[in-house]
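In case you want the letters, here they are:
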Amino acid sequence: MNKSVFNPDHQQQDVSSKIVAGLERISEVFKTLLWEKAKHIGLSPIQIQILIFIAYHKHELCNVSHLAKEFNVTKPTISDAIKILNKKEMIIKDYSSPDSRSYTILLSTLGKDIVSQTDDFANPLKSLVSNFEKTDLDKVFSTLSELISKLNKIGILKVQRTCYACKFYSKNNDSNYCNLLEKTLLNDDIRIDCPEFEEKTN
Ligand code: SF4
């Protein structure tokens, strides 16, 4: 039998294939929800994603190179999106960084307003997820955070900010520890997008 994860007959014999096929379905949800907002606001999905990313991440990450990595698109794609956001006066280019050729992207007042109208685009999914039992959520989160870390290790996922790949993370007697916060990290404490994350170099 063809063992493609997309072959329904094979899925019936292999739960991991069902999970992968399920994740593929869920990835469509993000596209659908984002397009809904995009149509309503008159921006493209990537332009909305850029604005929301800038709103919630430190300035060092708000540049064309990083955004291209973050969203798995080319730098020209990001530059084009930025050009339009700039024309619409939703962002401000800040050239005050030491490297005068590059700039950091800041939100204008209008940009902040657009974020407040769009950053709830994933809420329909969040509402459904919240309805599961806490123990189920804990298990899913544990698997998800490990999966993200492994995908990053093999180079498929270029960007991630979870504890497992952070230079401040260590494993002490089977428990997770953050050397920056100086505390043991329980499953709930593991972060998926930590503002203090710094990539482990080894
Ligand atoms: S700094 Fe953040 S990402 Fe790094 S180990 Fe601590 S909590 Fe986790």
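Residues numbered from 1 in each chain as written. Predicted model: local features only at pLDDT ≥ 70, side-chain atom pairs only at ≥ 80, totals over all residues. Heavy atoms only, no water.

Chemist: Got a minute to help me understand empty space enclosed by the protein in this structure?
Modeler: Think of a ball as big as a water molecule: rolled over the atoms, this probe shows where empty space is left. All told, the structure shown has one cavity of 30 Å³ or more when counted by the stated rule. By volume, the largest cavity is sized at about 100 Å³. Surrounding the largest cavity, Cys163, Cys166, Phe168, Tyr169, Cys178, Leu180, Leu181, Leu185, Arg191, Cys194, Glu196 and Phe197 form its lining. (1 Å grid on protein atoms, 1.4 Å probe; cavity = no way out; pocket = protein on both sides within 12 Å on 5 of 7 lines; lining within 4 Å. Points joined across faces, edges and corners; volume = space filled by probe spheres on them.)

Chemist: What's the story with the site of the ligand in this structure? I'm lost.
Modeler: Around the ligand lies a shell formed by Cys163, Cys166, Phe168, Tyr169, Cys178, Leu180, Leu181, Arg191, Cys194 and Glu196. The cavity where the ligand resides is the largest cavity. The residue makeup of the shell around the ligand, split by class, is eight nonpolar, no polar and two charged. (Near = heavy atom within 4 Å. Sits in = over half its atoms within 2 Å of the grid points. Nonpolar A, V, L, I, M, F, W, Y, C, P; charged D, E, K, R; others polar.)

Chemist: I keep staring at the side chain of asparagine 63 and nothing clicks. Help me out?
Modeler: Relative to the elements of secondary structure, asparagine 63 occurs in the loop between α3 (45-56) and α4 (64-70). From its side chain, asparagine 63 meets the backbone oxygen of glutamate 60 in a polar contact 2.9 Å long. Other than its neighbours up to four places away in sequence, asparagine 63 contacts Tyr103 and Ile105. (Helix = DSSP H or I, 4+ residues; strand = E, 2+ residues; numbered from the N terminus. Polar contact = N/O pair within 3.5 Å; in protein donor to acceptor, adjacent residues only side chain to side chain. Contact = heavy atoms within 4.5 Å.)

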